[in-house]
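This is what each chain is made of:
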Amino acid sequence: MNNQRSLFFNVDWFIIITYIILCIIGWFNIHAAVYDPENPSIVDLDTNYGKQLIFIVSAVIIGFAILLLDGKFFTAFSPVFYGITLVLLILVLIIGRNVGGNQAWIPIGNFRLQPSEFAKFATCLLLARYLSSSTIKVQDLRTQMVAAFIIVIPTALILLQPDAGSALTFSSLIFVLYREGLSGYFLIIEGLSIVLFILTVLYNKFYVLAGVILLAGSLIYLFRRNKKVITVMGFGVLFSIVFIFSVDFAYNSILKPHQKNRIDVILGKINDPRGIGYNLNQSKIAIGSGGMWGKGYLQGTQTKYNFVPEQSTDFIFCTVGEEWGFAGCFVVIGLYLFLILRVVTIAERQRSPFSRIYGYGVASILFFHFFINIGMTIGLIPVIGIPLPFLSYGGSSLWSFTILLFILLKLDSNRMGII
Amino acid sequence: MNSFFARKFVVQGIFIVITIILLLRLFYIQVISDEYILSAENNVLRRLAVYPARGVILDRKEKILVQNEPVYDLMVIPREVKDFDTLKFCSLIGIDKEGFDKRFKKVRSYSPYKASIFEKQLSVQVYASFQEQLSDFSGFFVQNRTVRRYPDSIGAHFLGYIGEVNQKVIENSNGFYNQGDYHGITGVEKSYEELLRGQRGVQNLMVDALNRPKGHYADGKYDTLAVSGEHMISSLDKELQQMGEQLMKNKIGSIVAIEPATGEILSFVSSPGYDPNLMVGRQRGNNYMALLNDTYKPMFVRPIQAEYPPGSIFKVVNALVAQQFGLINEKTFFFCPGGYRYGRRGWMKCTHVHGSVDLQASIKESCNTYYGYTYSRMIDHSGIRPVNAYKRWHSAVSAFGIGSPLGIDLPGERKGLLPTHELYTKRFKSDRWGSSYTISLSIGQGELGITPLQMANVMAIVANRGFFYKPHLIKAIGDQKVIKDEYTIKNSAGIDEKYFDVVIEGMSGVVNQPSGTAWYSKIPNIEMCGKTGTVQNPHGEDHSVFVAFAPRVNPKIAIAVVVENGGFGGTWAAPIASALVEKYLTNSISRPKIYMDRLFEANLMPGGPAKPKTPKKVKSDSIKVTERSKKPVSTISKNE
């Protein structure tokens, strides 16, 4: 390592610029979301957008501080980060502040720390370190168990808060395992599970079952020479039967009414815009009314007059949709896709497995947030309260995404040095 | 590179596909579907109607008959209601806890976010005390609106009333009316609804999620101002109307007075009437039901809805029609032996033995026999088949506005009854019938039905010597004083002017000669021409009818008065008409007070409320009955 090299040597500027653009877009939209036309004020540090400015500046400082650190630091200290995060996650259950039913925040002065946000990169780091050990093969059951263990511990602690949205984030790490050699069946099973879940909730379970058997039967008939297909289909049907009944049981007996309602609303089983579906409905109205070119900056009536709840945090995309229209949404989504694909590209160019695995972790987590958050605001998936990376208001989430991303940048800038 | 490098493409592929799904969904809800744009407007826009003042209705001297008065509706936005002292609230507006719960449930089920009416039409006193304590009751506010007020409590039947629109009206109004709007239901309020209601304005207010107003949408670019309804100058003379209503108190009947030169209705009394103010305010529902259930049917608009056989006043029409046909003239004499013999056994009795009677005397003395012969000439001896002769007579009488609606500017006008030849052909099962079959028509009995309005119109025709203008109640609309074209068209009655002299001379004799049937109703210094009539009533005392116009030269007023159960035409109807004519022409009453008091105080209501109501349409015994009976037809009519 040559210390004379500049701080930004080998740093991927595409990512940094995209990151900064997204932060700025976020800041303007938070301003629009909390803007009160009767008391228009210039930057005021007491308001959300004033605070967000502080968060952005400090996040950038944190990001560049990470670039100053040694790349090996993260590999070496990943168990420590993981440990600290677990302690914080336990601590938050004891001394945390309960906001809106979730005990997710540890108050520090004026600000509140959300340990579940930091659990994301800590988990990614430890997972990367574990899977990059030279003796490890992902195909082994033991490896899969340990990897699952690493992921499940923070997930379980977060579920205790209970913050289902953040906990779900960790499920995205399946992409990492898949890239490292986990059987493709796991992805298929995950996809199949989602489809079966929706169908089971919507229709009579026996109809769904009959459909599955019919489909599998005809596939088996078509490929009756191919023993492998028959075996796979057999297992598939078996899995489906078990899954359908457990979903039916879980949906009717385990899920809490409000969770059940959220699913019902999204699937159109309940049409009650004034009640349970209020958030979703208002969010769709705000975005849908934006049209092609939007209503213009600070001109959005739905977001300005508080029709959309949580509009500067989880529903910040409503402001984008209403004031900037489809054009604005296209740009923002394009930036995200570019960022995520760029992260994947960076991950693939790493020589060290650790960096590559970590890179996939970053891409998965970013993608999961991006997809779930936007999908939720436009009614594609149930309302799950997770922030939109870099755009949503909130220090913890911005910092944690910044740390997540800049660790990768640091690892990437060292890619030549580690063989 | 490790062995799973290719999986990079799978992962990237999944990312790209899902992103495309997001974009497609966004494109659908933002660009393709406009459902959300509408929803957004519903969310944020509140269209507040700005109600225009309803047009005021004035009398012919531009004195107010109906005006607007502010009332206060108590509104509530259920979502904004916080805990408050329900008891105090209830006692303030005068309801009990149960009523409160009921109302609150109703408005909340309508919408928890939108303002709806909690209690209608608070009185000024309640409003004042409520307004002081409004801050204790968040979510409630008071919205003012106007209601109709009738300062003199007159003219209920012709003014009509307004009421809340029903679902059907809302649907048929092309979006003009909303729930809770008012519209004219009867009378002038209904016929001129579209002019009286004015034009509603709209304020497009933006509200936030808590329904708090946040200013005008697009700086008020799409807001419109309310345009007040047109005011109407009616043809009514307020003082005449007032006096007419007083004279008809405790009597059943109608008064219609028309200015012959214009067709303007000067007085339009239907008795028993009601105070139009009863149809306004919170007690409206109860009052309405009470009026509806009243055995005397005060909601019945007698001047245009009650149909009577006109009795002797119809002789005026027959006298004119027969002259026009050239079948009689002023020198035509008939001999009256005290009745008219017709058919094989028919006998139509006359009041007196008049001896030799000419046309003028026949009117003055109301000789039945004379009209029996006259009618016989018109039907049997006019040189054509009786059925065709009847057709000719029918169309000549129709020209007087009898048997069809005159087209007054009020809803609900009845056309009356003038039987067609088909009716008789059907009844007698052959078209070989003649005057003896329908002899009652000669003296205005039988199957005739004429409304008081039509009676007054006949007088207007006589006063004008042959023409009339469509009788109407609104003489000018708005500031420009627009007159409807249809009221400026002269309608001919088909009788030449020269034939009127002798009839008018006879009618003058009715009032101004001691032998006339209305001699006691003579007005000093004014030559009133009139004709009495008595409508036979099988259910009780006969109905008293009097029609007249005055003065004889250049007539200013034509009038018809019907007093049910009033006996002879000269007994009640003629004095009432005479008093009104004198009042209108001289603005004074020459008759002694004691005489007038007798008129004002007379109570001619039939029996107690339990007794069935006198039917409006009195069918006298038909010819068939009299043909069958051997007795003389003394029951057909009583003549004067």
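Above this text is the structure in question.
Summarised in this report is the structure supplied together with it. Just so we're clear, the structure is a prediction, and the values are computed from it rather than from any experiment.

## What to know about the overall build of chain B
Broken down by element type, chain B carries 22 helices and 22 strands. Restricting to contacts in chain B with at least 6 residues of sequence separation, those with at least 24 account for 73%.

## Overview of the sheet that holds strand 3 (residues 111-113) of chain A
All names here are of chain A. In spatial order, the strands read 1-2-3; together these three strands make up an open sheet with antiparallel pairing. The sheet terminates laterally at strand 1 (97-99) and strand 3, the two strands that pair on one side only. In this sheet, neighbouring strand axes are inclined to one another by 55° on average, regardless of whether the strands run parallel or antiparallel. By the bridge criterion, three bridges tie strand 2 (residues 102-108) to strand 3 in an arrangement that is antiparallel. Opposite I106, over in strand 3, you have L113 as the bridge partner.

## What about the sheet that holds strand 21 (residues 543-550) of chain B?
Residues and elements named next belong to chain B. Pairing within the open sheet is antiparallel, and its five strands lie in the order 12-11-22-21-20. Only two strands of the sheet have a single neighbouring strand rather than two, namely strand 12 (264-271) and strand 20 (529-535). When strand polarity is set aside, the average angle formed by the axes of neighbouring strands in this sheet is 5°. Of the strand pairs in this sheet, strand 11 (residues 252-259) and strand 22 (residues 557-564) are connected by seven bridges, and their pairing is antiparallel. Note on strand 22: the bridge partner recorded for V256 is A560. This element, helix 18 (residues 452-464), spans strand 11, strand 21 and strand 22 of the sheet and lies at about 150° to strand 22.

## A few points about the interface of chain B and chain A
Listed per partner, the contact involves 28 residues of chain B and 36 residues of chain A. Secondary-structure elements contributing two or more residues to the side of chain B that touches chain A are helix 1 (7-32), helix 2 (35-44) and strand 8 (201-207) of chain B. The element best represented in the side of chain B that touches chain A is helix 1 of chain B, accounting for 15 residues. The residue makeup of the side of chain B that touches chain A, split by class, is 17 nonpolar, six polar and five charged.

## Some details on the pairing of strand 21 of chain B
Residues and elements named next belong to chain B. For strand 21, a buried count of eight out of eight residues is recorded, marking the element as mostly surrounded by other parts of the structure. Alternating positions in strand 21 separate into two faces, H543, V545, V547 and F549 on one and S544, F546, A548 and A550 on the other, with burial throughout. Strand direction decides the pairing type here: strand 20 and strand 21, joined by seven bridges, are antiparallel. Opposite G530, over in strand 21, you have A548 as the bridge partner. When strand 21 meets strand 22, the two strands line up antiparallel, connected through seven bridges.

Quick notes on the rules
- Residues numbered from 1 in each chain as written.
- Chains lettered and ligands numbered in written order.
- Predicted model: local features only at pLDDT ≥ 70, side-chain atom pairs only at ≥ 80, totals over all residues.
- Helix = DSSP H or I, 4+ residues; strand = E, 2+ residues; numbered from the N terminus.
- Contact = placed C-beta atoms within 7 Å.
- Pairing = 2+ DSSP bridges.
- Axes fitted to C-alpha atoms, helices over the stretch in contact; angles between N-to-C directions.
- Nonpolar A, V, L, I, M, F, W, Y, C, P; charged D, E, K, R; others polar.
- Buried ≥ 20, exposed ≤ 12 C-beta atoms within 10 Å, placed from the backbone.

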